[in-house]
Amino acid sequence: MSESPQVLWSRPENERAGTPLLVMFHGYGADEADLFGLAAQLPAEFTVASVGARLQAGPGRAWFPLDSDLSYSVDSVTEAAAGLEAWLDTVRAGHSSVSLFGFSQGMCMATTLLRHRPADYAAVVGLSGFVVEADGDPFFDDAATAAAKPEIFWGRDQADPVVPAAAVEYTNTWLRAHSQLTKVLYTGIWHGINAQEMAHVGEFLQYKVLK
C-alpha cells in the first residue's frame, strides 16, 4: 500500500501552496479522470486532486471489492483508507485545509477517512453514496466525529437504483447523529450528478470551507 496513487491535479505543483485542497474519490468501475471534469464547476480557490483507486473493476477501478448485492468487508475499506491517508499526509501540510469529495463508493472512502481522523478535514461532500457500517471497528472514531460535528453535504436521488435502501437508511441515521448535515434530494439524476447539484456543492464549499 506504500506506492502513491494516480492523481490528477487542477494546478501545477508550484501553484498549490497555501490553497485549500479538495480531494475527489470516484465511484466503482471509474477512475481518476471520471470526476476531474467537475473541478471547473467548483470555487476557483480550491486545488482539486482527483485520486484513482488501486483495484481493477471492469473497465475502471475500485476502492474495495463489492459483491453483487453491494456487500463488502470492512477490513478492505479500512485498508484502502489507510493507504489514502498515508498519501494525504504527504501533501496536506502544503494546504490551508483539506476537504473530501466522494461519489458512490468514493463517498464511503471520504466518510471513512473523516471517521478515522475527523479533525483533519474541513468538510466532506458525498454524492449518491453511503457510509460504511463499521460495527465497532477501531479504525472508525465515531465518538470523536460526533463531538466534532463535521460539515457534510449529502446529495442523492430517491430513485437511485444502485445504493440499497438499507444502506441509505443507515447513512441517513449516521449522518444525522455525527455531522452538521446539508442533505439535498434531486430528481432525474438517478445514480449520477447534474449541474444543479454541482452548483449546490460549490455553494456549500464556499460557505463552509472558504467562508
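Residues numbered from 1 in each chain as written. Predicted model: local features only at pLDDT ≥ 70, side-chain atom pairs only at ≥ 80, totals over all residues. Heavy atoms only, no water.

A. Spatial organisation of helix α3 (residues 105-116). With twelve residues, α3 extends 17 Å between its outermost C-alpha atoms, agreeing within 8% with the 16 Å of an ideal straight helix rising 1.5 Å per residue. Burial analysis of α3 places eleven of its twelve residues in the buried class, which makes it a mostly covered element. Regarding α3, the residues found buried are Gln105, Gly106, Met107, Cys108, Met109, Ala110, Thr111, Thr112, Leu113, Leu114 and Arg115. (Helix = DSSP H or I, 4+ residues; strand = E, 2+ residues; numbered from the N terminus. Expected span 1.5 Å × (residues − 1). Buried < 20%, exposed > 50% of the residue type's maximum accessible area, 1.4 Å probe, protein only.)

B. Examining unusual backbone geometry more closely. Phi at leucine 70 takes a positive value of approximately 70°, unusual for a residue other than glycine. Position of leucine 70 among the secondary structure elements: in the loop between β5 (60-62) and α2 (74-91). The phi torsion at lysine 149 lies on the positive side, around 45°, for a residue other than glycine. With respect to the secondary-structure elements, lysine 149 resides in the loop between α4 (142-148) and β8 (151-157).

C. Focus on the packing of α2 against α3. Running from N to C, α2 and α3 cross one another at 75°; their axes reach a closest spacing of 10 Å. Between α2 and α3, the angle is such that the two are roughly perpendicular. When α2 is examined against α3, the residues Val77, Ala80, Ala81, Leu84, Glu85 and Leu88 are found in contact with a partner set consisting of Met109, Thr112, Leu113 and His116. Across the contact of α2 with α3, the residue classes tally to seven nonpolar, two polar and one charged. (Axes fitted to C-alpha atoms, helices over the stretch in contact; angles between N-to-C directions. Parallel < 35°, antiparallel > 145°, perpendicular 65-115°, else oblique. Contact = heavy atoms within 4.5 Å. Nonpolar A, V, L, I, M, F, W, Y, C, P; charged D, E, K, R; others polar.)

D. Layout of the pattern of salt bridges. Using the criterion set out here, one finds seven salt bridges in the structure. Among the salt bridges present, the one from arginine 117 reaches aspartate 89, with a minimum N-O distance of 2.6 Å. Separated by 28 residues along the polypeptide, arginine 117 in the loop between α3 and β7 (123-127) and aspartate 89 in helix α2 bring together distant segments of the chain. With its nearest N and O atoms 2.8 Å apart, the salt bridge here joins aspartate 142 to arginine 115. Placement of aspartate 142 in helix α4 and of arginine 115 in helix α3 is noted, with a sequence separation of 27 residues between them. No difference in accessibility class separates aspartate 142 from arginine 115, as the two residues are buried. One network of salt bridges, with partners in common, ties together Glu85, Asp89, Arg92, Arg117 and Asp120. (Salt bridge = Lys/Arg side-chain N within 4 Å of Asp/Glu carboxyl O.)

E. Examining the nonpolar core more closely. Val23, Phe25, Trp63, Leu100, Met109 and Leu113 are the most contacted members of the largest nonpolar core, which has 41 residues in total. Those elements that provide at least two residues to this core are β2 (21-25), β3 (47-51), α2, β6 (98-103), α3, β8 and α5 (165-178). Examining the composition of this core, we find that eight residues originate from one element, α2, more than from any other. When sequence neighbours within four positions are dropped, the list of residues in contact with leucine 100 reads Leu22, Val23, Phe25, Ala110, Leu113, Leu114, Tyr121, Ala123, Val124 and Val125. Counting residues in each nonpolar core, the second largest holds 21 residues, with Leu22, Ala123, Phe153 and Phe204 among its members. (Core = buried A, V, L, I, M, F, W, Y, C linked by side-chain atoms within 4.5 Å.)

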